[in-house]
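# Reading the structure
For reference, the chains in residue letters:
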Amino acid sequence: MVVQTVGIFIIALIANMQDFLGASFIGRPLVTGLFVGLLFGDVSQGLIMGATLELAFLGLMGVGATVPPDEIIGGILATALVLKNGYGVDVALTLVLPIAALGLAIKNILYVIIFPAMTHKADKLVEQGKIKQAANMHLIASFTRIFMMTTVTTVAFVIGSSTVDKILELIPQAFINGMNIATNILPAVGFAMLINMTFSKKVAPFFFLGFVCSAYLQLDMIATAIVGAIFAGIMYIILDTIEKNKGQMNGSGEEQYDDF
């Protein structure tokens, strides 16, 4: 239990530091699921749960002043509690949103109470001419969020691991069955959202080519990728030839114009 608690603390600490590592997305459930799976000795289930929870959070993003449920605490705790107690992906989906809502509540406390107080403190430091100390308030606020969310994640894991059974007893079985059905639908929804963002006339032939290779020719993913790469190479050669021909035609036209 001590090793697992320390492991959850380290995973949560690294995940909450994702903003310091650029656009690494290391706090996404797909990544944290891998580390939690390593911690509990079941990497495959950790990856499966992480990928499923990633689809659940795929469409949740902050717009304007709105703050979405926290995917870091939700992904880590849902995966950890389910792996520790031997449940399946459907239970992870059942637990993830309430846990993520807990993270949202903590964030609201930070953004509404703690961070504004730090901002007023920084304003006073600026008035006193202490510019460096005022600038450091930004770093202090960032580290406050990191350690606060990490601590909440760790404490919730320690408390929740002994009460998850009681929580599940309060949840109707029909609701868990519904979440199990949603588990099977989520991959299709996730891919549909990705296609909606990237689909165009230029990529449509490749999409349908991959569909035909998979559905009708029964090719696996590697073979389909190889076929796609071959067609991409052919298209590159054709387009490159067209561009060269255009260049030669333009050059010939310019020479004739100069001679005239």
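Refer to the structure above for everything that follows.
The structure displayed is predicted, hence computed values, not measured ones.

Counted by the stated rule, this structure contains three aromatic pairs. When the centroid spacing of 5.2 Å and the interplanar angle of 75 degrees are considered together, the rings of phenylalanine 207 and phenylalanine 208 count as edge-to-face. Exposure remark for phenylalanine 207: the relative accessible area of 37% places this residue in the partly exposed category. Taking relative accessible area as the criterion, phenylalanine 208 reaches 47% and is therefore assigned partly exposed. Judged by centre distance (6.3 Å) and plane angle (75 degrees), the ring pair of phenylalanine 211 and tyrosine 216 falls under edge-to-face. On the basis of relative accessibility, which here comes to 47%, the residue phenylalanine 211 falls in the partly exposed class. Owing to a relative accessible area of 64%, tyrosine 216 belongs among the exposed residues under this scheme.

Within the element layout of this structure, leucine 209 appears in helix H9 (residues 204-215). It is 7.7 Å that separates the C-alpha atoms of leucine 209 and glycine 228, two residues lying 19 residues apart in sequence. Excluding residues that lie within four positions of it along the chain, leucine 209 makes contacts with Val227 and Phe231.

Let's shift gears to a nonpolar patch on the surface. A cluster of nonpolar side chains, Phe206, Ile222, Ile226, Ile230, Phe231, Ile234, Met235, Ile238, Leu239 and Ile242, forms an exposed patch at the surface whose accessible area comes to about 900 Å². When residues of the nonpolar patch are assigned to their parent elements, the largest contribution, nine residues, is made by helix H10 (residues 221-259). One can find isoleucine 238 in helix H10. For isoleucine 238, a relative accessible area of 41% puts it in the partly exposed group.

Definitions and cut-offs
- Residues numbered from 1 in each chain as written.
- Predicted model: local features only at pLDDT ≥ 70, side-chain atom pairs only at ≥ 80, totals over all residues.
- Heavy atoms only, no water.
- Phe/Tyr/Trp six-rings, centres within 6.5 Å; stacked < 30°, edge-to-face > 60°.
- Buried < 20%, exposed > 50% of the residue type's maximum accessible area, 1.4 Å probe, protein only.
- Helix = DSSP H or I, 4+ residues; strand = E, 2+ residues; numbered from the N terminus.
- Contact = heavy atoms within 4.5 Å.
- Patch = residues over 30% accessible without salt bridge, like charges linked within 9 Å, V, L, I, M, F, W, Y side chains within 5 Å.
- Areas by Shrake-Rupley, 256 points an atom, 1.4 Å probe, with all protein chains shown as cover.
- Salt bridge = Lys/Arg side-chain N within 4 Å of Asp/Glu carboxyl O.

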